[in-house]
Amino acid sequence: MLTLALASVRLRWASFVGSFVALTCGVALMAVSVLVIAATTDVPDQGRQRFSQAPVLVTANLGVDFRTATGETSTTPVAAQPGLSPELIAAVAATGRAVPDRTFYTQLADGPSSQVGRAWSAAELGGYRLTAGSAPAADDQVVLGGGSPEQVGRPVRYVTADGPHTATVSGVTEVEPFEHAVFFTDAQAARYCPAVGVLAAFGPADAVRRAVDAAGGEHVARVLTGGDRAQADPHHAEVSHRLEDVQTPLGLSAAVSAGTAVFVVAGTFALSIAQRRRELALLRLIGATRRQLRTLVHREALVVGVLASAAGCALGAAGAAPAGRWLVERDLVPPGFTVPIAWWALLTAAVIGLLTALGGVLLSSLKAGLISPGEALADADVERPSRLSLAFRWTAGLLVLGGALAAVAVTAEYWPDAAANAADSLSLLLAVVAGCVLLAGVLAGPTIRLLTLLPGLAARLRGRTAEDGGGIVWATARQSSLTAFRRTAATTTPVVLIVAFAGCLLGSIDTINRAQVTEVRNRLSAADFVVTPAGTPGLNRAVVDRVRAVPGVRALVTTPTAVLAADVTGQSLVPFRAAAADPAALAEVDRLPVVAGSLADLRPGSVVLSRTWPGSPQVGQQVDVRLADGTPRSLRVAALLGTGAEAVQAWVTPTDAVTGGVGGPALTDRIDLRLLPGADRQQAATALRTAVDGLGARLATPEEIWSGATDSTEEASWNALLMILGLAICYAAIALANSLVMTVTDRRRELSLLRLAGATKAQVLRAVAVETLLCVAAGTLLGALGTALSVGGSWAALTHLVGPTPAVVPWGALATLATCCAAIALTAAVLPAALTLRGRDGQSILRGATGPA
């Protein structure tokens, strides 16, 4: 059977080109994805970092013990580390020299938002060396990391969490790539940041570990040595987080591409089996068993899979470096990111390619085994789908689509927050697409009848008949598309996949983005102005005090914090987004979507929660939480909110909020302002601009905040869409072109009969083109229907979550994709037909079609 399979692939290579190309692209993408994911599992060596010169590091790691529902105990690090205790610092210092590190927010007037302040004694830990001047000797002196010698002796203005300050530059150091730092005396650094986050120890590592163990062990601090010291550097954590963000869309892209490749292989082999029914029946007639036919199909798939896997691995190895550069150019990974070639990754992709090929022909092999020997004696091959095939398509399609719609409805009603997250809702969207694709073959005919109904009625009203030139072409194309079940299904299904998949993904993402903007708009509907950071990571205390002092305005100051609570499974503590605000200002300035309770009841000892909070608490109920520093607290639920994906999940009073710790006091993220009755808007705006001038803040209108939210959400999702959507559409386009090429080459008899009936070559080609366009139009309509179902589900869930919000259907993108499908389909259908008709009349074509192959 292997010899026969090799001969079949060699002689009928055109029938396997689509599968080969799709598998090659799929294996190449999977190889690149696995290679990139492997490269992102470990943070690459960043060279010299903040603590490179310290042999041992002790970092704050206060954890909270949590007893799970199964009786086990897990430890969760608190969100706001309070820093190392004086007793622990003294115990470590007893083992040898110890240098405490205090890192806090400090930013020069022209400095980057990532700039930090540090104590000069910790400069040696990163290998800093003075290039001019001297170390700071007084509290009003600073050393600038990466400063120029001309700055020595000059005054500089800087901002910390408590406001603006002025100091004299006593010295400058060389530029260091891992941070932008401003160094103070140890005493001044301790005033700005009392907490010690990292302690560099120069004593024996074992002695340091014993000291930490005596003070509480890993629940209090971690001891890092060797390569693990990089974990204490914030740049390491930032790079690690960015690399982890890349893994999810890459994995989804590989999974979607593998699934699409299975679809292409299955469709190609199914069409190939249908075209070879007489050949396979002859094999049955001369003694081949059903099992041998199934084995033959599997061996053909194996041959194609081996060749495609080899080609795909070669392409994947060649595309690894460009993929890394693409990620760097879009700032998805840090500069210098490279993708090394790992043979195990290529082998994994090759194995997946082989399994994809074999899985794609499973159904086709079963169909091949059902061919009877008597079919070899049939005089004609009529394209009539079997009842079993139709029943399978209807049953599978309705089950998948119905199950997906039911899941969407349940999600919209009971878990609407899942619909606000693109990653969580992707599985439901793919189920909707799968249901549409399964039903495409059986719905193609009725859809074409619907599309051709109105033009037919219009032709009758104008008195035209089938004998008219345009009527002949139209009637022939319509009848051919309705009777050629396999060809119509093979043309329509890829179009449905392209349009539905793109529409579901793009439409749902855009609808989620609009819902987030709607939520921001609803919250700011009562605000007149908003103060936001301008080139800074947050708003300092001076900005808050000056804005509050402006007459005629009511200010709502929002300070971010966190609240730890058990997740929905009860297996671990997780930090939830929270914010601290004055209850009276919160009720007066913002329009939070209260669905139960009242904001007026928010006071110390209470909390306002999102209704999606784990456990579904009720108003008046006590909930056990941990504050950001791990302090246990039982808070009464004052109100419940209907909120979306980007909203604060818990509101507390400043009394119940922990907004400081390692890194110093937390910065305010925004100030919402409302004019008091009788206040002049222009005067208030002028006073507010004057108050925030030069403090790293800007005055904006709510409209500007809405538009900024739109831009940020669209930009954040586009790169991930490119990785997930692009290759799937390419695969479907390959399937579309390959199916048409395979079917048109088998239409020689049909084309010859049209020529013998008196049709000109131009009329035959127009009939082929119109038939193809009808199939593309039917696929576009069915794909648009799938898009409407998925976007409608997302819209219903988000409306239930955030209130009235627009549903976004990407009509422009769908029209572009439909046009591309039409261009591909016309090229793949008309060009082979034109080559078949070139220089030959109907009788010669008929002889060529019926003669020996």
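Here is a short report on the structure shown in this document. (Residues numbered from 1 in each chain as written. Predicted model: local features only at pLDDT ≥ 70, side-chain atom pairs only at ≥ 80, totals over all residues. Heavy atoms only, no water.)

1. A closer look at the overall build of the chain
Then, in step 1: Helix and strand content of the chain: 23 helices and 23 strands.
Then, in step 2: Relative to its full complement of 853 residues, the chain shows a buried share of 49%.
Then, in step 3: For the chain, the share of sequence-separated contacts (at least 6 apart) that also reach a separation of at least 24 residues comes to 82%. (Helix = DSSP H or I, 4+ residues; strand = E, 2+ residues; numbered from the N terminus. Buried < 20%, exposed > 50% of the residue type's maximum accessible area, 1.4 Å probe, protein only. Contact = heavy atoms within 4.5 Å.)

2. Overview of the sheet that holds strand β12 (residues 198-201)
Then, in step 1: Read from one edge to the other, the open sheet built from four strands follows the order β4-β12-β1-β13, with strand pairing classed as antiparallel. Of all the strands in the sheet, the pair left with one neighbour each is β4 (98-101) and β13 (221-225). Here the strands of the sheet are splayed against their neighbours by 20° on average, with no regard to which way each runs.
Then, in step 2: Bridge analysis of strand β1 (residues 56-60) against β13 gives five bridges, and the strand direction is antiparallel. Bridge assignment links T59 to a residue of β13, and that residue is R222.
Then, in step 3: Against the sheet, helix α5 (residues 205-214) engages β1, β12 and β13, with an angle of about 170° to β13. (Pairing = 2+ DSSP bridges. Axes fitted to C-alpha atoms, helices over the stretch in contact; angles between N-to-C directions.)

3. Brief notes about a nonpolar patch on the surface
Then, in step 1: A cluster of nonpolar side chains, namely L282, L285 and I286, defines an oily patch on the protein surface of about 310 Å² accessible area.
Then, in step 2: Its place among the elements puts L282 in helix α7 (residues 277-285). (Patch = residues over 30% accessible without salt bridge, like charges linked within 9 Å, V, L, I, M, F, W, Y side chains within 5 Å. Areas by Shrake-Rupley, 256 points an atom, 1.4 Å probe, with all protein chains shown as cover. Salt bridge = Lys/Arg side-chain N within 4 Å of Asp/Glu carboxyl O.)

4. Section: the packing of helix α20 (residues 748-756) against helix α22 (residues 811-837)
When two helices pack together, you describe them by how their axes are tilted relative to each other and by the distance separating the axes.
Then, in step 1: Viewed as axis vectors pointing N to C, α20 and α22 meet at an angle of 60°, and their least axial separation amounts to 11 Å. Read as a crossing pair, α20 and α22 show a hand that is right-handed. On α22, the residues that touch R748, L751 and R755 of α20 are A833, T836 and L837.
Then, in step 2: The residue makeup of the contact of α20 with α22, split by class, is three nonpolar, one polar and two charged. (Left-handed = near helix turned anticlockwise from the far one by under 90°. Nonpolar A, V, L, I, M, F, W, Y, C, P; charged D, E, K, R; others polar.)

5. Regarding α5
Then, in step 1: Within α5 the residues assigned to the buried category are A207, V208, A211 and V212. For α5, the arc enclosing every buried residue in end-on projection is 135°, short of the 170-degree limit, so these residues lie on one face. For α5, the exposed residues set more than 90 degrees away from the buried face come down to D206, R210, D213 and A214.
Then, in step 2: Tucked inside the fold, the buried residues of α5 contact β1, α3 (86-93), β12 and β13. (Arc of directions from axis to C-beta.)

6. Quick look at the packing of α3 against α5
Then, in step 1: Running from amino to carboxyl end, α3 crosses α5 at an angle of 155°, the nearest separation of the two axes being 9 Å. Overall, the two elements α3 and α5 adopt an arrangement that is roughly antiparallel. At the point where α3 passes α5, the crossing takes the right-handed sense. On the side of α3, the interface is formed by L88, A91 and V92, while α5 contributes V208, A211 and V212. (Parallel < 35°, antiparallel > 145°, perpendicular 65-115°, else oblique.)

7. Description of the packing of aromatic side chains
Then, in step 1: Applying the stated criterion across every chain yields a total of nine aromatic pairs.
Then, in step 2: Relative to F183, the ring of W120 has its centre 5.4 Å away and its plane inclined at 85°; by these criteria the two rings are edge-to-face. A residue pair is termed long-range when its members are at least 10 positions apart, and W120 in the loop between β6 (116-119) and β7 (130-133) and F183 in strand β11 (residues 181-184) qualify at 63 residues.
Then, in step 3: Ring centres of Y158 and Y192 lie 6.5 Å apart, and the angle between their planes is 85°; on these two criteria the pair is classed as edge-to-face. Taken together, the residues Y158 in strand β9 (residues 155-160) and Y192 in helix α4 (residues 186-192) connect sequence positions 34 residues apart.
Then, in step 4: By relative accessible area, Y192 is classed as buried at 12%.
Then, in step 5: Among the aromatic residues, those joined into a cluster by ring pairs are F104, Y158, F184 and Y192.
Then, in step 6: The ring of F202 carries R97 above its face, with NZ or CZ at 4.1 Å from the centroid. (Phe/Tyr/Trp six-rings, centres within 6.5 Å; stacked < 30°, edge-to-face > 60°. Lys NZ or Arg CZ within 6 Å of the ring centre and 35° of its normal.)

8. Topic: empty space enclosed by the protein
Then, in step 1: Overall, the coordinates contain three cavities of 30 Å³ or more when judged by the stated rule.
Then, in step 2: Counted as a void, the second largest cavity has a volume near 40 Å³.
Then, in step 3: Taken together, R487, T491, L740, R747, E771, T772, C775 and A829 form the lining of the second largest cavity.
Then, in step 4: Sorting elements by how many residues they give to the lining of the second largest cavity places helix α21 (residues 761-802) first, with three residues.
Then, in step 5: Split by residue class, the lining of the second largest cavity holds three nonpolar, two polar and three charged. (1 Å grid on protein atoms, 1.4 Å probe; cavity = no way out; pocket = protein on both sides within 12 Å on 5 of 7 lines; lining within 4 Å. Points joined across faces, edges and corners; volume = space filled by probe spheres on them.)

9. A short note on the pattern of salt bridges
Then, in step 1: Enumeration according to the criterion identifies twelve salt bridges in this entry.
Then, in step 2: We note a salt bridge from R681 to D528, for which the minimum N-O separation is 3.4 Å. Within this pair, whereas R681 is found in helix α18 (residues 681-692), its partner D528 is found in the loop between α15 (485-523) and β14 (529-533), the two being separated by 153 residues in sequence.
Then, in step 3: Under the relative-accessibility criterion, R681 is labelled partly exposed at 41%.
Then, in step 4: Among the ionic pairs, R554 bridges to E588, the shortest N-O distance being 3.1 Å. Of this pair, R554 sits in strand β15 (residues 553-566) while E588 sits in helix α17 (residues 583-589), and the two are 34 residues apart along the sequence.
Then, in step 5: Here the salt bridges do not stand alone but share partners, grouping R50, D101, R118 and E179 into one network.

10. A few points about the environment of L405
Then, in step 1: Residue position: L405 is located in helix α11 (residues 387-414).
Then, in step 2: Residue classification places L405 among the partly exposed residues on the basis of a relative accessible area of 32%.
Then, in step 3: Separated by 384 residues in the primary sequence, L405 and L789 have C-alpha atoms spaced 7.8 Å apart.

11. Describing the side chain of S170
Then, in step 1: Within the element layout of this structure, S170 appears in strand β10 (residues 163-173).
Then, in step 2: For S170, the residues in contact, after removing those within four places along its chain, are G133, S134, A135, P136, Q141, V142, V143 and V152.

12. A look at the pairing of β11
Then, in step 1: Because side chains alternate across β11, one face comprises the buried residues A181 and F183, and the other comprises V182 and F184, equally buried.
Then, in step 2: Bridge analysis of strand β8 (residues 141-144) against β11 gives two bridges, and the strand direction is antiparallel. Along β11, the bridge assignment pairs V143 with F183.

13. So, the environment of V92
Then, in step 1: Of note, V92 is situated in helix α3.
Then, in step 2: For V92, a relative accessible area of 0% translates into the label buried.
Then, in step 3: When the C-alpha positions of V92 and A215 are compared, they lie 9.9 Å apart, and in sequence the two are 123 residues distant.
Then, in step 4: Apart from the residues within four sequence positions on either side, V92 is in contact with V58, L199, A201, V208, A211 and V212.

14. Concerning the side chain of Q107
Then, in step 1: With respect to the helices and strands, the residue Q107 is situated in strand β5 (residues 103-108).
Then, in step 2: Residue class for Q107 comes out buried when judged on its relative accessible area of 5%.
Then, in step 3: Of the polar contacts made by the side chain of Q107, one reaches the backbone oxygen of G535; its length is 2.9 Å.
Then, in step 4: Those residues in contact with Q107 that lie beyond four places of it in its chain are P112, S113, Q115, R157, Y158, V159, G535, T536 and P537. (Polar contact = N/O pair within 3.5 Å; in protein donor to acceptor, adjacent residues only side chain to side chain.)

15. Description of the environment of L556
Then, in step 1: Mapped onto the elements of the fold, L556 is located in strand β15.
Then, in step 2: Taking C-alpha positions, L556 is 5.2 Å from A585, a pair spaced 29 residues apart along the chain.

16. Notes on the nonpolar core
Then, in step 1: Among the nonpolar cores identified, the biggest contains 25 residues, and L35, V36, L327, V333, F337 and V339 are the most heavily contacted of them.
Then, in step 2: Mapped by element, the contributors of at least two residues to this core are α2 (13-40), α6 (234-275), α8 (290-329) and α9 (343-360).
Then, in step 3: If one sorts the elements of this core by residue count, α2 sits on top with eight residues.
Then, in step 4: When sequence neighbours within four positions are dropped, the list of residues in contact with V333 reads R242, L243, V246, G324, L327 and V328.
Then, in step 5: In terms of nonpolar packing, the next biggest core, distinct from the first, is built from 23 residues, V495, V499, A502 and L506 among them. (Core = buried A, V, L, I, M, F, W, Y, C linked by side-chain atoms within 4.5 Å.)

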